Amino acid sequence: MLLTPPPSVAAVARAATDVSDGVLAGALVEPWPRGRSHHAYLLTTAAGQFVLRVHKQEHPGRMRRFVRVAALLLEHDVPHPPVRWWDLEAKYLPHAFYVQEFLPGEDAARALRELTPADGARVGGEVGAGLRRLHDIVYEDTPTTWATEFDDRMRVRVAECVALGALSERERRIVLGYHEERRGALDGVRRHLTHDDLGLANLLLERRTDGWHLAAFLDFERTRGRDPLLDLARLHTLVFDACPPMAAPFDSAYGEIAVADDERRARLELYGMYLLVWGVPWSREAGLATRERDYRQRLGT
């Protein structure tokens, strides 16, 4: 993919003014260091604060899909920083961009040490209620069945683990056998809107007088139509282990998972295994040696 150079502060100020029809004129523009996969700029104006984002790797299709998804999130009252303006045709900057409202707060990964058990329980319930609204949105964005897509994803990740030495040939057969025993539970699964990257870093929290609350879900750019249980497996594998008080209130607020039948349980077990297989190459690519070691140990177990 084409790497995009960061636009200058002056260029961002002009583009923000043009795309907003003057609403953002005179904005104080500052580089925003938490953009991760974006060149991000904080815009401070009399109308409030906003963040302008340009992909570090050009991906017009993903941005176009994200703008559509953001409209669905707003329509269904899913907590998320609203997208106010966008330029998908690159009229005002050399590359496509969008502008969303800036919500103050701290991501849960950074705030974790400050969360009391009561905070964790409160946030868990709010995450459950918000995710339930997200997962109620039917989103069939491909004619490929979910069973076919997931089978391909699992086999590719297993092959990557073998190449990295995280699975022996015997272990590869065990993992794929585990998959084969449960893959029938994927037949007929309808696609709904899923986040697909839920972790502590993508939960924005806000401190209020009574403690921490969920302010928004972040980073929906990987969002697709998939099985909602994949999001739930990710939460139980990657989030609730780090903050156990969130789990029970989440299940109560979300609803469906608390009464999992045999088919749903088989899918959750399958997705739990998949996340460990996925985590090894992902950690290696991200340079997270400690995280990779943890995934390898859990996968071995």
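So, a few notes on the structure that sits alongside this text. What you see is a predicted model; the values in this text were computed from it and never measured. (Residues numbered from 1 in each chain as written. Predicted model: local features only at pLDDT ≥ 70, side-chain atom pairs only at ≥ 80, totals over all residues. Heavy atoms only, no water.)

Attention shifts here to the packing of aromatic side chains. The final tally for this structure, using the stated rule, is 11 aromatic pairs. A ring pair is formed by Trp-146 and Tyr-271, whose centres lie 6.3 Å apart and whose planes are at 70°; its orientation type is edge-to-face. Here Trp-146 is found in helix α5 (residues 146-163), whereas its partner Tyr-271 is found in helix α9 (residues 262-286), with 125 residues between them in sequence. As far as burial versus exposure is concerned, Trp-146 and Tyr-271 are alike and both buried. Plain terms: the ring middles of Phe-240 and Phe-250 are 5.3 Å apart, the flat faces sit at 55° to each other, and that makes the pair tilted. Pair noted here: Phe-240 is in the loop between α7 (228-239) and α8 (247-254) and Phe-250 is in helix α8, with a separation of 10 residues, a long-range link. Taken together, the aromatic side chains of Trp-146, Phe-150, Tyr-271 and Tyr-274 make up a single cluster linked through ring pairs. Directly above the aromatic system of Tyr-254 lies the positively charged group of Arg-132, at a separation of 4.3 Å from the ring centroid. Across the ring face of Tyr-178, the terminal group of Arg-182 is positioned such that the distance to the ring centre comes to 3.6 Å. (Phe/Tyr/Trp six-rings, centres within 6.5 Å; stacked < 30°, edge-to-face > 60°. Helix = DSSP H or I, 4+ residues; strand = E, 2+ residues; numbered from the N terminus. Buried < 20%, exposed > 50% of the residue type's maximum accessible area, 1.4 Å probe, protein only. Lys NZ or Arg CZ within 6 Å of the ring centre and 35° of its normal.)

Scanning all chains against the criterion turns up 33 salt bridges. Notably, a salt bridge pairs Glu-106 with Arg-110, separated by 3.9 Å at the nearest N-O pair. Assessed through its relative accessible area of 52%, Arg-110 is described here as exposed. Among the ionic pairs, Arg-222 bridges to Asp-197, the shortest N-O distance being 3.7 Å. In this pair, Arg-222 sits in the loop between β9 (211-217) and β10 (224-226) while Asp-197 sits in the loop between β7 (192-194) and β8 (203-208), placing the two residues 25 residues apart along the sequence. (Salt bridge = Lys/Arg side-chain N within 4 Å of Asp/Glu carboxyl O.)

With 12 residues, helix α10 (residues 289-300) should reach 16 Å at 1.5 Å per residue; the first-to-last C-alpha distance of 16 Å fits that figure. What α10 keeps buried is the set Glu-292, Tyr-295 and Leu-299. Axial view of α10: buried residues confined to an arc of 60°, hence all on one face. Exposed and facing more than 90 degrees away from the buried side of α10 are Thr-290, Gln-297 and Gly-300. (Expected span 1.5 Å × (residues − 1). Arc of directions from axis to C-beta.)

Spatially, β1-β2-β3-β5-β4 is the arrangement adopted by the 5 strands of the open sheet, whose pairing is antiparallel. Where the open sheet ends on each side, the last strands, each with one partner, are β1 (28-31) and β4 (83-87). Taken over all neighbouring pairs, the strand axes of this sheet differ in orientation by 20° on average, direction set aside. Here 8 bridges tie strand β2 (residues 38-45) to strand β3 (residues 48-55), and the two strands are oriented antiparallel to one another. (Pairing = 2+ DSSP bridges. Axes fitted to C-alpha atoms, helices over the stretch in contact; angles between N-to-C directions.)

Most of β3 is tucked away, with 6 of its 8 residues classed as buried. The antiparallel hairpin formed by β2 and β3 contains 2 residues in its connecting segment.

This part is about unusual backbone geometry. Phi at Ala-90 takes a positive value of approximately 55°, unusual for a residue other than glycine. Relative to the helices and strands, Ala-90 resides in the loop between β4 and β5 (97-101). According to the relative accessible area criterion, Ala-90 is partly exposed, its value standing at 30%. Its identity is not glycine, yet Asp-219 carries a phi of approximately 60°, on the positive side. Relative to the helices and strands, Asp-219 resides in the loop between β9 and β10. Overall, the relative accessible area of 25% leaves Asp-219 in the partly exposed class.

Let us now look at the side chain of Arg-182. Mapped onto the elements of the fold, Arg-182 is located in helix α6 (residues 169-182). A relative accessible area of 16% places Arg-182 in the buried class. Looking at Arg-182, its side chain comes within polar contact range of the side chain of Glu-269, at 2.9 Å. Here Arg-182 is in contact with Ala-266, Glu-269 and Leu-270, once residues within four sequence places are set aside. (Polar contact = N/O pair within 3.5 Å; in protein donor to acceptor, adjacent residues only side chain to side chain. Contact = heavy atoms within 4.5 Å.)

Our next topic: the packing of α7 against α8. Remark: α7 packs on α8, axes separated minimally by 11 Å, with the N-to-C direction vectors making an angle of 165°. One element, α7, and the other, α8, form an angle in the roughly antiparallel class. Note that α7 runs across α8; the crossing there is right-handed. Residue-level inspection shows Pro-228, Leu-232, Leu-235 and His-236 of α7 in contact with α8, the latter providing Phe-250, Asp-251 and Tyr-254. (Parallel < 35°, antiparallel > 145°, perpendicular 65-115°, else oblique. Left-handed = near helix turned anticlockwise from the far one by under 90°.)

By themselves, these observations are geometric and do not establish any function.
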